[in-house]
Amino acid sequence: MPGPGGAPGISRTRRRHGPAAGREPKKVSSWAQWNVPGHRSGRANVGYRSTITTLLSHTSVRTLILGVDPAGRVVQHDRNAKEVLDPPNGSLLGTHLSDLVVGNSPTGTPLNSLLDAVKSGREATAVLTFKAQRSNPIDTVVTLQPMRGDSDACPSALAILRMPPPSVEQFLDPALMRHALLDETFRQMGATLDLDQLARGLINIVVPHFSNAASLLLLESLVAADEPPAPQADGSYVMRRMAIASDDSNPEWDAKFPTGEVMRFPLDSPHSECMKTGKPIREPAMTTAEAVETAEAWLRRPAGELLSGVSLLLLPLNARGSTLGFIVCNRRKGFRPFDAYDTEIGMEFASRAAIFIDNARRYNRERATALTLQRSLLPTGLSAPSSVEVGHRYLPGSQLIEVGGDWYESIPLPGARVALVVGDVAGHGVRAAVTMGRLRTAIQTLAMLELSPAESLQHLNELMRKIGEREPHFATCAYATYDAVNGTCEVASAGHLPPLLVRPDGSSEFLDVAPAPPLGVGEGLISSRTFEIEDGSMFVLYTDGLVESRGRDIDDGLKRLQSVFDAESVAGSMDDLCKSMLAGAYSDQHRDDIAVLIGRLARIDGGLQASWALSGEPSAAREARSLVAEPLEKWDLASMVDTTQLLASELVTNAIRYAEGAVTLRLIKEGALVCEVLDSSPALPKLLHAAKDDETGRGLQIVSKLSGRWGARRTNGGKVVWCEQPFPRTDGE
């Protein structure tokens, strides 16, 4: 029958194991280490401490007390020592410690080093293998403490022997096993929600208190973060080993049964029967031939040695009417095999463990779903003109609720413009995150339609009112559009805190934006204001979690926000500014979600744009064709002259035909070549399909075919019709 896990592989779990009582004795000098400075490397010292911890982890460990003289002879002992230890002549008094230890002599051993340490007045500890009367030699933690006596008859040292029970005495006392499995341990693990950590903790309870080796396996479909695997055609179960542990130092357990391995058990195996029935399976110890046959069936012939003489107990993990997996428990030859009472105790443990595992699994699945949802909704990168630098931060309200409705967005717009948006949906959790995703998708669509900030928020308000008909919700939002050509910023707000404008000299002010109700609350008119922005100024958008908390007034929070900025910090890095703004927020356990968007605003280089005022006469189209050639050659874009001349001619002709008065032609080199024509008519052009015999109506069709994209937007004095051409690829691209 397979050992813990029943399948091949290499284990990578951290285990709690050490030398087991009842195994064949080893020479102590071949592996024991003693705590004398300079005798051990750091890695060996860690392993030595782990060995001691493992030996002392048995619930029924016994403590024996011996008094020894300077030479290491026993001069005093307690009653238990006489009943356990096996001196050569039958009497402990006068017996040298080396005669009680396997593989030792009076000199040149760990025992000798312990005695030397005592003579120097130091306490020392080592692991030695002591002879026992009714069992094989037992690995024992020995501590020698120096003592001072009034006479030579008094011991010079006190030897404290902490000895785990021999194999014949382990797993006998049901009260000890029940206490170790069911009482204190679950109180310590009740708050653990990490599935991997929980699995390791559960297995480290089973070993060494209930079995010599154990592993925990769960259905792969419960553990995998992605879609569960397709069901097996033959009805078998695909399992993943979550943890494995053994109480000995044999590395073969690691080599044969790896943590994290995904396996499919045959239908005739006890593992599949346990999963199918949801009942425990107990198998007697296997003979050597049976162990070899089982190992070969698993394509793991070397595992036959591990399985020989091993008794098996499978404990199903049943929760909410389903079997989530099972725990495989093994006891080696020389230890009491599993019986019906062990099965009863084990099932009580497995039933409780299944509840913890199911809670952890559900929590991890729900948390992963919520985080994936929100992270898919928040932008992974922010875009802006080359003259604008953008920084951002998002901080969830708490570690328990890591999703919320705060969001930020930086949307590049044609003509060296950028839309900066910050919003806050009321509430927390998945519901707020879903509403946030709807608003963010809508704001991106509205931005691409080139609506003004006020118009965009007006449409968002209508969307929130529609959402509120099914599920009451509201949100606040601040929307700003910065034009890097003329250095102006148009700002609108719906129930949101005012943006902070910090000038290059460090002076700051909260922009006075016309107030409006939050989105989804009322039908108030939303209006915008336009501000002149000095190059190098910081534009800060934020949610109320940054400046408001239960223990702080919002006015104090706004003043603290202003204090973060001065002439030096404005010129510093965005990361440093974001850290300074959030300083102190992490310690507030009752904070709201925080979203911050910072933009260092500046106009693009004047050499990257060209503008001309043209008359409203038909000759303006010819003039436009002649004007665009010079800046394109200056920008090393001579190959784009012919196409740009045709596009400029068509846009100017269209403006002259449908608008009155002068028009403005503008070229901008920013990410792409943008050609804009400004006129006084607010009517936006439409792409028409001219008939075969029509002499006109094909201008915008030509623009659409020759440019990468085109569009139009209204301005205070009329409209702008634009088209954009990507730069030609170079040989190095």
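See the structure printed just above.
Residues numbered from 1 in each chain as written. Predicted model: local features only at pLDDT ≥ 70, side-chain atom pairs only at ≥ 80, totals over all residues. Heavy atoms only, no water.

**Considering the overall build of the chain**
Here comes step 1: In terms of helices and strands, the chain carries 22 helices and 26 strands.
Here comes step 2: The buried share of the chain, reckoned over its 733 residues, is 51%.
Here comes step 3: A separation of at least 24 residues holds for 69% of the contacts in the chain among residues at least 6 apart in sequence.
Here comes step 4: About 33,900 Å² of surface is accessible on the chain, with carbon and sulfur atoms providing 50% of the total. (Helix = DSSP H or I, 4+ residues; strand = E, 2+ residues; numbered from the N terminus. Buried < 20%, exposed > 50% of the residue type's maximum accessible area, 1.4 Å probe, protein only. Contact = heavy atoms within 4.5 Å. Areas by Shrake-Rupley, 256 points an atom, 1.4 Å probe, with all protein chains shown as cover.)

**Some thoughts on the packing of aromatic side chains**
Here comes step 1: Tallied over the entire structure, the rule returns one aromatic pair.
Here comes step 2: For the ring pair Phe-210 and Phe-338, a centre distance of 5.6 Å and an interplane angle of 40° mean the geometry is tilted. With Phe-210 in the loop between helix H7 (195–209) and strand E6 (213–219) and Phe-338 in the loop between strand E11 (322–331) and helix H13 (340–377), this pair connects stretches of sequence that are 128 residues apart. Both residues of the pair, Phe-210 and Phe-338, count as buried.
Here comes step 3: It is Arg-331 that lies over the ring of Phe-210; its NZ or CZ is 5.2 Å from the centre.
Here comes step 4: Residue placement shows Lys-669 over the ring face of Phe-727; its charged tip is 5.9 Å from the ring centre. (Phe/Tyr/Trp six-rings, centres within 6.5 Å; stacked < 30°, edge-to-face > 60°. Lys NZ or Arg CZ within 6 Å of the ring centre and 35° of its normal.)

**Some remarks on a negative patch on the surface**
Here comes step 1: There is a patch of like negative charges on the surface, built from Glu-548, Asp-553, Asp-555 and Asp-556.
Here comes step 2: Topologically, Asp-556 is positioned in helix H16 (residues 554–563).
Here comes step 3: The exposure class of Asp-556 is partly exposed, given its relative accessible area of 43%. (Patch = residues over 30% accessible without salt bridge, like charges linked within 9 Å, V, L, I, M, F, W, Y side chains within 5 Å. Salt bridge = Lys/Arg side-chain N within 4 Å of Asp/Glu carboxyl O. Lys, Arg positive; Asp, Glu negative; His and termini not counted. Charge placed at Lys NZ, Arg CZ, Asp CG, Glu CD.)

**A look at the packing of helix H19 (residues 620–627) against helix H21 (residues 641–658)**
Here comes step 1: Two elements in contact, H19 and H21, have axes separated by 8 Å at closest approach and are oriented at 150°. Here H21 runs roughly antiparallel to H19, going by the angle between their axes. Note on packing geometry: the crossing formed by H19 with H21 is right-handed. Taken together, the residues of H21 that come into contact with H19 (itself represented by Ala-620, Ala-621, Ala-624 and Arg-625) are Gln-645, Ser-649, Val-652, Thr-653 and Ile-656.
Here comes step 2: Tallied by class, residues from the contact of H19 with H21 come to five nonpolar, three polar and one charged. (Axes fitted to C-alpha atoms, helices over the stretch in contact; angles between N-to-C directions. Parallel < 35°, antiparallel > 145°, perpendicular 65-115°, else oblique. Left-handed = near helix turned anticlockwise from the far one by under 90°. Nonpolar A, V, L, I, M, F, W, Y, C, P; charged D, E, K, R; others polar.)

**A look at the environment of Asp-69**
Here comes step 1: Along the chain, the position of Asp-69 falls in the loop between strand E1 (62–68) and strand E2 (74–77).
Here comes step 2: Among the residues examined, Asp-69 registers a relative accessible area of 16% and is labelled buried.
Here comes step 3: Taking the C-alpha atoms as reference points, Asp-69 and Leu-115, 46 residues apart in sequence, are found 9.7 Å from one another.
Here comes step 4: With residues near it in sequence (within four places) discarded, Asp-69 still touches Val-75 and Ser-156.

**Details of helix H5 (residues 174–182)**
Here comes step 1: Those residues of H5 that fall on the buried side of the exposure criterion are Met-177, Ala-180, Leu-181 and Leu-182. Seen from one end, H5 has its buried residues packed into an arc of 165°, which puts them on one side. (Arc of directions from axis to C-beta.)

**Focus on H7**
Here comes step 1: Compared with the 21 Å implied by 1.5 Å per residue over 15 residues, the 22 Å span of H7 between its first and last C-alpha is a close match.
Here comes step 2: Buried residues dominate H7, accounting for 11 of its 15 residues.
Here comes step 3: Those residues of H7 that fall on the buried side of the exposure criterion are Leu-195, Leu-198, Ala-199, Leu-202, Ile-203, Asn-204, Ile-205, Val-206, Val-207, Pro-208 and His-209.
Here comes step 4: The opening residue of H7, the one whose side-chain oxygen lies 3.3 Å from the backbone nitrogen of Asp-196, is Asp-194. (Expected span 1.5 Å × (residues − 1). Polar contact = N/O pair within 3.5 Å; in protein donor to acceptor, adjacent residues only side chain to side chain.)

**Describing the sheet that holds strand E7 (residues 237–246)**
Here comes step 1: Here six strands make up an open sheet; going across it, the order is E8-E7-E6-E11-E10-E9 and the pairing antiparallel. One side of each edge strand has no neighbouring strand; the edge strands of this open sheet are strand E8 (262–265) and strand E9 (281–283). Averaged over all neighbouring strand pairs, the angle between strand axes comes to 25°, with direction disregarded.
Here comes step 2: In the sheet, strand E10 (residues 311–319) pairs with E11 via nine bridges, with the strands oriented antiparallel. Counted as the bridge partner of Asn-318 is Thr-323 from E11. (Pairing = 2+ DSSP bridges.)

**Some points on the environment of Leu-307**
Here comes step 1: Along the chain, Leu-307 falls in helix H12 (residues 304–307).
Here comes step 2: On the basis of relative accessibility, which here comes to 2%, the residue Leu-307 falls in the buried class.

**A look at the packing of helix H14 (residues 429–448) against helix H15 (residues 453–470)**
Helix-helix packing is described using two parameters, namely the angle between the two axes and the distance between the axes.
Here comes step 1: The contact between H14 and H15 brings their axes to 10 Å, and the two run at 150°. It follows from the interaxial angle that H14 and H15 lie roughly antiparallel. Note that H14 runs across H15; the crossing there is right-handed. Between H14, through Thr-435, Arg-438, Leu-439, Ala-442, Ile-443 and Leu-446, and H15, the contact on the second element is made entirely by Ser-456, His-459, Leu-460, Leu-463, Met-464, Ile-467 and Arg-470.
Here comes step 2: Of the residues that constitute the contact of H14 with H15, the class distribution is eight nonpolar, three polar and two charged.

**A few points about the pattern of salt bridges**
Pairs can form between side chains of opposite charge whenever their charged atoms are close.
Here comes step 1: Applying the stated rule across the entire model yields 23 salt bridges.
Here comes step 2: With its nearest N and O atoms 3.0 Å apart, the salt bridge here joins Asp-358 to Arg-320. In this pair, Asp-358 is assigned in helix H13 and Arg-320 in the loop between E10 and E11, connecting sequence segments 38 residues apart.
Here comes step 3: The class of Arg-320 is exposed, set by a relative accessible area of 57%.
Here comes step 4: Through salt bridges with shared partners, a single ionic network connects Arg-417, Glu-450, Arg-666, Glu-676 and Arg-713.

**Observations regarding unusual backbone geometry**
Here comes step 1: Omega for the bond connecting Val-207 with Pro-208 falls within 30 degrees of zero, at 15°, which places this linkage in the cis form.
Here comes step 2: Phi is positive for Ala-416, which is not a glycine, with a value near 60°.
Here comes step 3: Structurally, Ala-416 can be placed in the loop between strand E13 (404–413) and strand E14 (417–428).
Here comes step 4: Residue class for Ala-416 comes out buried when judged on its relative accessible area of 5%.
Here comes step 5: Not every positive phi belongs to a glycine, and Asp-636 is a case in point at roughly 60°.
Here comes step 6: Position of Asp-636 among the secondary structure elements: in the loop between helix H20 (629–634) and H21.
Here comes step 7: By relative accessible area, which is 70% here, Asp-636 ends up exposed.

**Some points on the sheet that holds strand E17 (residues 500–502)**
Here comes step 1: Read from one edge of the open sheet, five strands run E12-E21-E20-E17-E18, paired in antiparallel fashion. Here the strands that pair on one side only, and so sit at the sheet edges, are strand E12 (389–395) and strand E18 (508–510). Between one strand axis and the next, the sheet turns through 15° on average, direction left out of account.
Here comes step 2: As paired strands, E17 and strand E20 (residues 537–542) are joined by three bridges and run antiparallel to one another. Each residue of the ladder has a partner; that of Val-502, found in E20, is Met-538.
Here comes step 3: Those strands touched by H16 are E17, E18 and E20, and its axis lies near 145° from that of E18.
Here comes step 4: Across the sheet, helix H18 (residues 574–582) touches E12, E20 and strand E21 (594–601), and the angle it forms with E21 is around 145°.

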